[in-house]
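# Commentary on secondary and tertiary structure
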Amino acid sequence: MANAKVTKAIFPVAGLGTRFLPATKAIPKETLTLVDRPLIQYAVDEALASGIEQLIFVTSRGKSNLEDYFDRSPELERTLSKAGKKDLLRIVHDVTLDSGAVTYVRQNQALGLGHAISCARHLIQDEPFAVILPDDVISASTPCLKQMIDVYNRTGGSVIAAMEVPPALASSYGILDVAGVAGRVAEVRGIVEKPAADKAPSNLAVIGRYILDPSIFDHLDGLPPSAGGEIQLTDGIAAMIAAGQGVHAYRFSGDRFDCGSKAGFLQATVSFALARSELREEFGSYLNSMVALQNAAQ
Ligand code: UTP
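Throughout what follows, the structure given in this document is the object of discussion. Predicted model only: the values in this text are computed from it and were never measured.

### Structural notes on the overall build of the chain
Within the chain one finds 11 helices and 13 strands. Dimensions of the chain, computed from the C-alpha atoms along their principal axes, are close to 60 × 55 × 40 Å. For the chain, the proportion of its 298 residues judged to be buried stands at 45%. Considering only intrachain contacts with a sequence separation of at least 6, the fraction spanning at least 24 residues in the chain is 74%. On the chain, roughly 15200 Å² of surface is accessible, and the fraction owed to carbon and sulfur atoms is 52%. Within the chain, one finds 28 positive and 33 negative side-chain charges whose respective centroids are separated by 3 Å.

### Points about the site of the ligand
Around the ligand sit 18 residues in total, of which Pro12, Thr18, Glu30, Gln107 and Gly112 are the nearest. The separation between an oxygen atom of the ligand and a polar main-chain atom of Val13 is 3.5 Å. Here an oxygen atom of the ligand and a backbone polar atom of Ala14 are 2.8 Å apart. Within the complex, 86% of the 560 Å² of free accessible area of the ligand lies under protein.

### Points about the nonpolar core
Counting residues in hydrophobic clusters, the biggest one holds 37 residues, and the most contacted among them are Phe11, Ile40, Ile52 and Phe57. Elements represented by at least two residues in this core include exactly strand E1 (8-12), helix H1 (39-49), strand E4 (54-59), strand E6 (129-132), helix H7 (144-155), strand E8 (158-164) and strand E11 (204-212). With six residues, H7 is the largest single contributor of residues to this core. Residues in contact with Ile40, not counting those within four places in the same chain, are Phe11, Val13, Glu30, Phe57, Leu66, Phe70 and Pro134. If you look at the next biggest cluster of nonpolar residues, it comprises 35 residues, including Ile124, Val206, Leu212 and Leu220.

### Here's the deal with the pairing of E11
The element E11 is largely enclosed, with a buried count of nine among its nine residues. One ladder, built from four bridges, connects E6 with E11; its direction is antiparallel. Among the inter-strand pairings, Phe129 is bridged to a residue of E11, identified as Leu212.

### Some words on the packing of aromatic side chains
Any aromatic ring pair is given by two values, namely how distant the centres are and how the planes are angled relative to each other. Within this structure, the stated rule accounts for eight aromatic pairs. Here the aromatic rings of Phe57 and Tyr104 are separated by 5.2 Å at their centres, their planes lie at 20°, and the arrangement is stacked. Placement of the pair is Phe57 in strand E4 and Tyr104 in strand E5 (residues 102-106), with a sequence separation of 47 residues. Taking the relative accessible area as the measure of exposure, Phe57 reaches 0% and is therefore buried. Of the residues examined, Tyr104 reaches a relative accessible area of 27% and is grouped as partly exposed. Each ring, one from Phe129 and one from Phe217, has its centre 5.2 Å from the other, and the planes form 10°; the classification is stacked. With a gap of 88 residues between them, Phe129 in strand E6 and Phe217 in helix H8 (residues 216-220) connect regions that are remote in the sequence. In this structure Phe217 comes out as buried when scored by relative accessible area, which is 2%. Among the aromatic residues, ring-to-ring pairing joins Phe11, Phe57, Tyr69, Phe70 and Tyr104 into one connected group.

Conventions we followed
Residues numbered from 1 in each chain as written. Predicted model: local features only at pLDDT ≥ 70, side-chain atom pairs only at ≥ 80, totals over all residues. Heavy atoms only, no water. Helix = DSSP H or I, 4+ residues; strand = E, 2+ residues; numbered from the N terminus. Buried < 20%, exposed > 50% of the residue type's maximum accessible area, 1.4 Å probe, protein only. Contact = heavy atoms within 4.5 Å. Areas by Shrake-Rupley, 256 points an atom, 1.4 Å probe, with all protein chains shown as cover. Lys, Arg positive; Asp, Glu negative; His and termini not counted. Charge placed at Lys NZ, Arg CZ, Asp CG, Glu CD. Near = heavy atom within 4 Å. Polar contact = N/O pair within 3.5 Å; in protein donor to acceptor, adjacent residues only side chain to side chain. Core = buried A, V, L, I, M, F, W, Y, C linked by side-chain atoms within 4.5 Å. Pairing = 2+ DSSP bridges. Phe/Tyr/Trp six-rings, centres within 6.5 Å; stacked < 30°, edge-to-face > 60°.

Here you go:
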């Protein structure tokens, strides 16, 4: 029997974004701008290009401009239309999501990623679903989630995106214990949250893309807070593995930027700016001159 289709994606956007304070006091981290598009736009584009039909945002207080961003903007549209600015009007229309395709659900306390996912349980019910963390931005010729759905169509169960990291960075990630590696896919035997370098079971780190079997909700239900005092999705997945449910890791093809950290965000800004034809020359020559200045000062 074919595996059930993945048509829904959850975007958890209810976190406090403390690493970007003071900006995130009033601006959701997920709407910080990479070149000219908010982070959440890259996540939504990836989902839509991967065949997702229903977008579920788990939001919180202070995130209303994220909701407005995906809505119609009648005054702006009227002004652009009157001025004959068709290209800008198209840009504005293109980011508007159909009312029926989008749902917002509130997480009224930032209790952790696992808790945020649980808040959407009633919208997912009994289907497999995707989770995209918008602060992990991935540049890939085939969208990362699409690659994962292709794997899921073969394996069923749950699929977690993974990336190789050097041992010194293991303590910043959830690290996977894997067996039965076949190319980019491996069976997951366990997950260790932020292990010391010499305790890491592999060099495969979990990153912010998941396809999850709906049984995850039972495993998240009643989970106590753990790392950082938060209810962790990783703990729910570990419980799912312990219960014998199939979980696969997929080493995706593409470049991932950790836009939840300042250094990662700046690297993404440079990379995405250089990928834009209208910016490449001017911005590239500015970067070259900055590097030359740095080298001269050393
Ligand atoms: P992070 O832990 O990276 O985000 O969560 P954060 O807590 O907002 O940021 P810092 O660490 O304080 O700087 C990854 C994703 O999960 C969401 C966040 O909004 C982010 O998109 N999240 C996290 C929730 O939706 N709810 C939570 O309780 C925690």
